[in-house]
Amino acid sequence: MLAVTSTPTPAAGSGGGFDPIGFVLWPLKWLVELILVAFHALFTFIGMNPTSGLTWVFSIIGLVIVIRAALVPLFVKQIKSQRKMMEIAPELKKIQAKYKGKRDQLSREAMSRETMGLYKKNGTSPVSGCLPILVQMPVFFSLYSVLQTIKANAEAGHGGIFWLTSELTQEFYNAKLFGVASLHESLQGTLEVKPDGWQTTVTIMVTLVVLMIASQFFTQLQIVSKNLSPEAKQGQAYKMQRMMVYVLPFAFVFSGVFFPLGVVIYWFTSNIWTAVQQFMVIRNLPTPGSQAAKEREERLAKRGKALDSHGKIVPMEKYLAEQERLLKEAEELKAAAPKRQQPVNKQRAKKQGVKPTQPRPANPTQPRPANPTQQRPANPTQPRSANQPNPGKPSGPSGGSPTSKS
């Protein structure tokens, strides 16, 4: 059974004042310590040296496995969200072009409504693609806080938040990877203090930073090179993501310099998990029309299988039968559709022996006059002249003017 020490209040900082960040991260730091201590106890139970740096490194790797396994559903959602964001990029571009140059309030509101409607229709949003990272960051900073206070707590004879007792804190402080690299020290601190074997420590940290950059680059490159359809590669979002492939990995240079070695190990292990997990998702659930989807179809064809209309793997015979059935149904629907009757003139109708098609009037809604031979005056509102005959009355017995009298 694990022994624990009395813990300070989570809101208290090192100076006795209120620490808002410590108050927010206290539950996560409690969880991080629990997982670390549990794995340390497990590896000690199977015979590993409890004071060895390698035992604590494996404990950190165990922390990564637990955290990332819990985030698998969010990771799958992230992949699908990124895929949909790339697919709707051309439609987003049309909406932006529609309201280009319109800066009034009504146009902005209309553009926002259409954009949010497009996101809702496709079941995605820009934030959903960042959920795994947003969830991991508090855990990452909690681990950073735990390792950052190891030195101060060990020198003062204190324990951690709850599960790291004073004895375990002292063991963690004295533990060294390969006998030289302390897990609580950063590359910057090592270069400033230069303890015994600091050259080996710097080599280990620089190697980990290079591997972090390489793993992050490979992870991003998988998406933009294999898992995007040709339509998605035409949008502005694709250009931005392509640029981030080469820019984002170098952000780990900062983390490799200033973060403790234990945090660097955690982040590198997390990157390896992401790369492997994403490789499996892209291999088995590729974006339709992408290079990964074509490669998957080729692999299935070599095994005598294919994907049916519902996306399920079926034998090739069943797939061909389904395609033949769908083609037959499409031809039947086309044959049953009403055909538009072409107009036939009199000469052509006489040759074919059919009734000619009567041409429709230019304006079918306008009623025809009762007497087709009757002509209306050019301007009905204009008064007639005195010598103009009245078309509605006879001109007299002899056809002369009605005004002439004998």
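Residues numbered from 1 in each chain as written. Predicted model: local features only at pLDDT ≥ 70, side-chain atom pairs only at ≥ 80, totals over all residues. Heavy atoms only, no water.

1. Notes on the overall build of the protein chain
- Broken down by element type, the protein chain carries 16 helices and four strands.
- For the protein chain, the proportion of its 406 residues judged to be buried stands at 33%.
- Contacts spanning at least 24 positions in sequence make up 63% of the contacts within the protein chain whose residues lie at least 6 apart. (Helix = DSSP H or I, 4+ residues; strand = E, 2+ residues; numbered from the N terminus. Buried < 20%, exposed > 50% of the residue type's maximum accessible area, 1.4 Å probe, protein only. Contact = heavy atoms within 4.5 Å.)

2. Thoughts on the side chain of His 40
- Mapped onto the elements, His 40 comes out in helix H1 (residues 20-45).
- A relative accessible area of 4% places His 40 in the buried class.
- With residues up to four places along the chain from it excluded, the contact list for His 40 reads Pro 50, Thr 55, Trp 56, Ser 59, Leu 168 and Glu 171.

3. A look at the side chain of Thr 269
- Here Thr 269 shows up in helix H13 (residues 261-284).
- Note on Thr 269: relative accessible area 17%, which makes it buried.
- Beyond its immediate sequence surroundings of up to four residues, Thr 269 is in contact with Ile 61 and Val 64.

4. Structural notes on unusual backbone geometry
- Positioned with a positive phi, Phe 178 is a non-glycine residue whose angle comes to about 60 degrees.
- The residue Phe 178 is located in the loop between strand E1 (176-177) and strand E2 (181-182) in this model.
- You will see that Lys 194, though not glycine, has its phi angle at about 55 degrees, which is positive.
- Assignment of secondary structure puts Lys 194 in the loop between helix H9 (187-193) and helix H10 (198-226).
- Residue classification places Lys 194 among the partly exposed positions, given a relative accessible area of 47%.

5. Overview of the environment of Glu 87
- Inspection of the secondary structure assignment puts Glu 87 in helix H3 (residues 72-87).
- Relative accessible area serves as the criterion here: at 36%, Glu 87 is assigned to the partly exposed category.
- A C-alpha to C-alpha distance of 9.3 Å links Glu 87 and Pro 230, two positions 143 residues apart in sequence.

6. Some thoughts on a nonpolar patch on the surface
- Taken together, the side chains of Met 240, Met 243, Met 244, Tyr 246, Val 247 and Leu 248 present a nonpolar region at the surface, about 530 Å² in accessible area.
- Within the element layout of this structure, Met 240 appears in helix H11 (residues 236-247). (Patch = residues over 30% accessible without salt bridge, like charges linked within 9 Å, V, L, I, M, F, W, Y side chains within 5 Å. Areas by Shrake-Rupley, 256 points an atom, 1.4 Å probe, with all protein chains shown as cover. Salt bridge = Lys/Arg side-chain N within 4 Å of Asp/Glu carboxyl O.)

7. Concerning H13
- Taking 1.5 Å of rise per residue, 24 residues should cover 34 Å, and H13 covers 35 Å from first to last C-alpha, within 8% of that figure.
- Of all 24 residues that make up H13, 17 are buried, and the element is covered over most of its length. (Expected span 1.5 Å × (residues − 1).)

8. What to know about the nonpolar core
- Membership of the largest hydrophobic core comes to 42 residues, with the highest contact counts inside it found for Leu 63, Leu 143, Leu 177, Leu 183, Leu 261, Ile 265 and Tyr 266.
- Those elements giving two or more residues to this core turn out to be H1, helix H2 (53-70), helix H6 (131-148), helix H8 (166-174), H10 and H13.
- Grouped together as the second largest cluster of nonpolar side chains are eight residues, Met 85, Ile 88, Ala 110 and Tyr 119 included. (Core = buried A, V, L, I, M, F, W, Y, C linked by side-chain atoms within 4.5 Å.)

9. What to know about the packing of helix H4 (residues 89-98) against helix H5 (residues 105-122)
- Where H4 meets H5, the axes come as close as 10 Å, and the angle between the chain directions of the two elements is 170 degrees. It follows from the interaxial angle that H4 and H5 lie roughly antiparallel. Contact residues: Glu 91, Leu 92, Ile 95, Gln 96 and Lys 98 in H4; Met 111, Glu 114, Thr 115, Leu 118 and Tyr 119 in H5. (Axes fitted to C-alpha atoms, helices over the stretch in contact; angles between N-to-C directions. Parallel < 35°, antiparallel > 145°, perpendicular 65-115°, else oblique.)

10. Overview of the confidence of the model for the protein chain
- Summarising the model, the protein chain shows a mean pLDDT of 76, and 73% of its residues fall at 70 or more.
- Across the protein chain, the secondary-structure element scoring lowest on mean pLDDT is helix H16 (residues 346-352), at 64, and the one scoring highest is H2, at 91.
- Segment residues 1-17: pLDDT under 50, and 29 contacts once partners within four positions in sequence are set aside and those in other chains are kept. (pLDDT = per-residue confidence, 0-100.)

11. Here we look at the packing of H2 against H13
- Running from amino to carboxyl end, H2 crosses H13 at an angle of 45 degrees, the nearest separation of the two axes being 9 Å. By the criterion of interaxial angle, the relationship of H2 to H13 is oblique. Viewed along their axes, H2 and H13 form a crossing whose handedness is right-handed. Across the interface between the two elements, Val 57, Ile 60, Ile 61, Leu 63, Val 64, Ile 65, Ile 67, Arg 68 and Ala 69 of H2 pack against Gly 262, Ile 265, Tyr 266, Thr 269, Ser 270, Trp 273, Thr 274 and Gln 277 of H13.
- Of the residues in the contact of H2 with H13, the class split is 11 nonpolar, five polar and one charged. (Left-handed = near helix turned anticlockwise from the far one by under 90°. Nonpolar A, V, L, I, M, F, W, Y, C, P; charged D, E, K, R; others polar.)

12. A look at the packing of aromatic side chains
- Per the counting criterion, the structure on display carries seven aromatic pairs.
- Centre to centre, the rings of Trp 30 and Phe 162 are 6.1 Å apart; their planes meet at 40 degrees, and the pair counts as tilted. Of the two residues, Trp 30 is situated in helix H1 and Phe 162 in the loop between helix H7 (150-156) and H8; the sequence distance between them amounts to 132 residues.
- Residue classification places Trp 30 among the partly exposed positions, given a relative accessible area of 28%.
- Here the aromatic residues Trp 30, Phe 162 and Trp 163 are joined through ring pairs into a cluster of three or more.
- Above the face of the Trp 198 ring, Lys 194 is positioned so that its terminal group lies 5.2 Å from the ring centre. (Phe/Tyr/Trp six-rings, centres within 6.5 Å; stacked < 30°, edge-to-face > 60°. Lys NZ or Arg CZ within 6 Å of the ring centre and 35° of its normal.)

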